[in-house]
Amino acid sequence: QVQPVESGGGLVQAGGSLRLSCIASGSIFGGNVMGWYRQAPGKQRELVATITSDNSTYYPDSVKGRFAISRDNGKNTVYLQMNSLKPEDTAVYYCVVLIGGYTYWGQGTEVTVSS
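Residues numbered from 1 in each chain as written. Predicted model: local features only at pLDDT ≥ 70, side-chain atom pairs only at ≥ 80, totals over all residues. Heavy atoms only, no water.

Asks: Can you tell me about the packing of aromatic side chains, naming the residues and giving the values?
Replies: In the structure shown here, the tally under the stated rule is 3 aromatic pairs. Centroid distance tyrosine 102 to tyrosine 104: 6.3 Å. Interplanar angle 35°. Geometry classified as tilted. Pairwise contacts between aromatic rings join Tyr37, Tyr94 and Trp105 into one cluster. The ring centre of tyrosine 94 lies 3.8 Å from the NZ or CZ of arginine 45, which sits over that ring. Over the aromatic face of tryptophan 105 sits the side chain of arginine 45, whose NZ or CZ is 4.7 Å from the ring centroid. (Phe/Tyr/Trp six-rings, centres within 6.5 Å; stacked < 30°, edge-to-face > 60°. Lys NZ or Arg CZ within 6 Å of the ring centre and 35° of its normal.)

Pasting the structure below:
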């Protein structure tokens, strides 16, 4: 069983930065993918970034160049550095771990970007 736990959300002004962290408890070894999704009020959950166990990353166009995902395999931790934040980045951000054919979700951390 893997349990991701997010931290680092909060309130920030437009143009500011935040760094989210996610520690995944349990057995994480071999090939896996860690990542972040977000869900804004009234909208569908959307992918923000992913990183594989060999550090290949993916970003959708909406955050490319502003967000950076990284991981520390020794600590089972994934980070999301968010720069140049916009009000439309306001959402609950969820950490996700994909391993062994299973997907594990965290409870989410709220990010609010004021204009």
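And the narrative resumes.
Asks: So what about the sheet that holds strand E8 (residues 77-82)? Which residues, and what values?
Replies: Sheet architecture is open: 4 strands sit in the order E1-E3-E8-E7, paired in antiparallel fashion. The open sheet terminates on both sides in strands that have one partner only, identified here as strand E1 (3-7) and strand E7 (67-72). Sheet twist, expressed as the average angle between the axes of neighbouring strands with direction ignored, equals 20°. The pairing of strand E3 (residues 18-25) with E8 spans 6 bridges and is antiparallel. Bridging across to E8, isoleucine 23 finds its partner in threonine 77. (Pairing = 2+ DSSP bridges. Helix = DSSP H or I, 4+ residues; strand = E, 2+ residues; numbered from the N terminus. Axes fitted to C-alpha atoms, helices over the stretch in contact; angles between N-to-C directions.)

Asks: Break down the state of the cysteines for me, citing the residues and quoting the values.
Replies: One pass over the structure, following the stated rule, counts 1 disulfide. Here cysteine 22 is linked by a disulfide to cysteine 95, with a sulfur-sulfur distance of 2.1 Å. Because the sign of the S-S torsion sets the handedness, a value of about -80° for the bond joining cysteine 22 and cysteine 95 places this disulfide among the left-handed ones. Highlighted residues: cysteine 22 in strand E3 and cysteine 95 in strand E9 (residues 91-99), separated in sequence by 73 residues. For the pair cysteine 22 and cysteine 95, one class covers both residues: buried. (Disulfide = S-S within 2.5 Å. Buried < 20%, exposed > 50% of the residue type's maximum accessible area, 1.4 Å probe, protein only.)

Asks: Break down the nonpolar core for me, with residues and values.
Replies: Residues Trp36, Leu80, Met82 and Tyr93 are the most contacted members of the largest nonpolar core, which totals 29 residues. The set of elements that each furnish at least two residues to this core consists of E3, strand E4 (33-39), strand E5 (46-52), E7, E8, E9 and strand E11 (109-114). The greatest single-element share of this core, amounting to 5 residues, is contributed by E9. (Core = buried A, V, L, I, M, F, W, Y, C linked by side-chain atoms within 4.5 Å.)

Asks: Which residues make up the side chain of asparagine 76, and what are the values?
Replies: Structurally, asparagine 76 can be placed in the loop between E7 and E8. Contacts of asparagine 76, omitting those with residues within four sequence positions, involve Cys22, Ile23, Ala24, Gly26, Ile28 and Met34. (Contact = heavy atoms within 4.5 Å.)

On their own, these measurements won't tell you what the molecule is for.
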